[in-house]
Amino acid sequence: MTFDAPFTSTWMDIEKQWLDFNGHLNMAFYNVLFDRGVDQIWQEMGFGPDYLERTGHTTFSAEYHLCYLRELHLGDKVKVTFHLLDFDEKRLHFYQALWHEDGWLSATGEGIGLHIDQSGPRVAPMPDDIYQNVSALHQAHSVLPKPERVGRVMGIPKKA
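The rules we used
Residues numbered from 1 in each chain as written. Predicted model: local features only at pLDDT ≥ 70, side-chain atom pairs only at ≥ 80, totals over all residues. Heavy atoms only, no water. Phe/Tyr/Trp six-rings, centres within 6.5 Å; stacked < 30°, edge-to-face > 60°. Helix = DSSP H or I, 4+ residues; strand = E, 2+ residues; numbered from the N terminus. Buried < 20%, exposed > 50% of the residue type's maximum accessible area, 1.4 Å probe, protein only.

A. The packing of aromatic side chains, seen in detail. Tallied over the entire structure, the rule returns ten aromatic pairs. Centroid distance phenylalanine 34 to tyrosine 64: 5.9 Å. Interplanar angle 55°. Geometry classified as tilted. Taken together, the residues phenylalanine 34 in helix H1 (residues 27–45) and tyrosine 64 in strand S3 (residues 57–68) connect sequence positions 30 residues apart. Accessibility expressed as a relative area gives 24% for tyrosine 64, which makes it partly exposed. Judged by centre distance (5.1 Å) and plane angle (25°), the rings of phenylalanine 82 and phenylalanine 94 are stacked. A residue pair is termed long-range when its members are at least 10 positions apart, and phenylalanine 82 in strand S4 (residues 77–87) and phenylalanine 94 in strand S5 (residues 91–100) qualify at twelve residues. Judged by relative accessible area, which is 1%, phenylalanine 82 ranks as buried.

Take a look at the structure:
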């Protein structure tokens, strides 16, 4: 299996019901857009809608750090890029970027995903075929530079 580096989602529209009282995309829906982008690459790796039914396994989000860089509005079209930074048999560390159709960066996200056996539920190793797909994606993405925003720490800087 071959993958693009980085993976790029299809174009997505900002939906009217996602706007807040300021007239721009509400913060919760940045996560929806990032999640829809992940759904597309998950499908390619074998974690699609039938994965849970077929295997009793799924993925959960364990942690996600989102940075808002530029507002989005109704009528904007965006796409999500996905860069698999690291993984093991149970976890995925990834970086996402939300791009406006005019080429500017709207938001970034960094996350840890877990492979889950729903019978527990508990974190569990991926089946070999899925692990091989994740490995192929990681290999394709290993040529990408580490994104500047990866590993950011949140806090209020103290004056010396």
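On we go from here.
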